[in-house]
Structure formats: C-alpha cells, structure tokens
Amino acid sequence: MRLEYFQMIDKVLSLDLEARTLKTANTVPTESPIFEGHFPGHPLLPGVLLFEIMAQSCGMLLLRLHNYDRMAFLASVDKGKLRTFVTPGQVIEVEARMEHDGSGFARLKADGRVDGKLVCNADITLKTMPFPAPELRGYLLSTAERIGMPMGDAAPDAEATRSGNLSHV
C-alpha cells in the first residue's frame, strides 16, 4: 500500500467474473507520516482510508467488468461500519461484490477482514463515465497489471458493457 499516492491495493487474490466478485490484499505499511499524527504512540490506520480501500477494490472490479472502457468515481459510501482498529503491518483482505450496474451508476458491497475477522464493511456507489483523459486509462491498466489483475476478456459483448448492462457477465 502506498498511502501517499492513494494506491491502496497491493494484490488481487481472486476475480470471479460470473459471480462479479473481486478479493484484494492490502498491507498497511509499518511506517508512514500518517501515523505520526494518527496517533503518536498508538498508530492506527484512519477509518476514512479503510473506506478508500473498499472503494478502490470496488472500483477495480467495476473497471475490469467494463473491460477498462469506463472510469469509476466514488459517489457514496452508505451503511459504512468500522468494527475495530487496523494497525501498521496488518493485511486487510477486501471482498467487493457487484449488486447492480446501470444508468451510469454501480452499487457494490465490500467487506474488509484482518485474519478472517470483519474490520469494516460498506455499500459503495460508483459513478461510471468515459475516461476524462487517455493517460488515466493507461495508468489504471498499468495499476491492474501491477496488482495482478487477470486481464482476459471481461465482456464478450462490448456494446452491452458500454451501455452499463452487465447482466451477461
């Protein structure tokens, strides 16, 4: 995890296009300037970054389902819960699950676990739209490669994917 760059996902553990799920592993760094103020002598990963990890996992799933044809932007976090503290060195495994995709918005659920114990969960809504800059698509493709995202055909019917209908996946 590279907090200063907001690169929260370290590795893809699994991707199931049929079930529309993605599991990621995200190791909290042992040292970061964030821990100097949050909190001295008792470093904790800020809760807002737990939501960011879940949102990025959901976004990577959505990007993959759309075959990197559309960008995902965070629109809302609902029913978010922080259940316990997360500390430096811990590995957060996030499971993202697509619930609905259409009309330019996608609704997903995410759970974060450390050593199998639920530490956070939320309903995440992402807005989808064409990439605002070609460099951004290239950056996200290189990020997907870096984290080990399987890159086979995500959508056999590219037109249905562009329209936001992923019922065939």
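What counts, and where the lines are drawn
Residues numbered from 1 in each chain as written. Predicted model: local features only at pLDDT ≥ 70, side-chain atom pairs only at ≥ 80, totals over all residues. Heavy atoms only, no water. pLDDT = per-residue confidence, 0-100. Contact = heavy atoms within 4.5 Å. Pairing = 2+ DSSP bridges. Helix = DSSP H or I, 4+ residues; strand = E, 2+ residues; numbered from the N terminus. Axes fitted to C-alpha atoms, helices over the stretch in contact; angles between N-to-C directions. Salt bridge = Lys/Arg side-chain N within 4 Å of Asp/Glu carboxyl O. Buried < 20%, exposed > 50% of the residue type's maximum accessible area, 1.4 Å probe, protein only.

## Points about the confidence of the model for the protein
- Scored by pLDDT, the protein has a mean of 90; 89% of the residues are at 70 or more.
- Counting interchain partners and residues more than four positions distant, the pLDDT-below-50 stretch residues 154–169 has 30 contacts.

## Observations regarding the sheet that holds strand β4 (residues 91–102)
- The strand order across the open sheet built from six strands is β1-β2-β4-β5-β6-β3, with neighbouring strands paired in antiparallel fashion. Looking at strand neighbours, the two that pair on one side only are β1 (11–16) and β3 (71–82), the edges of this open sheet. Direction aside, neighbouring strands of the sheet carry axes that sit 20° apart on average.
- Judged from the seven bridges that link them, strand β2 (residues 21–27) and β4 form a sheet pairing that is antiparallel. Bridge pairing in β4 links K23 to E95.

## Observations regarding the pattern of salt bridges
- Scanning the entire structure with this criterion turns up five salt bridges.
- The partner of D78 in a salt bridge is R107, and the shortest N-O contact between them spans 2.9 Å. Taken together, the residues span a long stretch of sequence, with D78 in strand β3 and R107 in strand β5 (residues 105–114) at a distance of 29 residues.
- Note on D78: relative accessible area 30%, which makes it partly exposed.
- With a relative accessible area of 28%, R107 lands in the partly exposed category.
- With a closest N to O distance of 4.0 Å, R97 and E95 form a salt bridge.

## Focus on the environment of K11
- Mapped onto the secondary structure, K11 falls in strand β1.
- The class of K11 is partly exposed, set by a relative accessible area of 47%.
- C-alpha of K11 to C-alpha of E145: the two residues are 134 residues apart in sequence and 9.7 Å apart in space.
- If we skip the residues at most four places from it in the chain, K11 touches K23, T24, A25 and I147.

## Observations concerning the pairing of strand β6 (residues 117–129)
- Relative to β6, β3 is paired through nine bridges, and the arrangement is antiparallel. Directly across from L82, in β6, lies its bridge partner C120.
- Where β5 and β6 come together, 10 bridges link them in antiparallel fashion. Across the sheet, V114 pairs through a bridge with K117, a residue of β6.
- With antiparallel pairing between neighbouring strands as the criterion, β5 and β6 make up a hairpin whose turn holds two residues, including D115 at a positive phi of roughly 50°.

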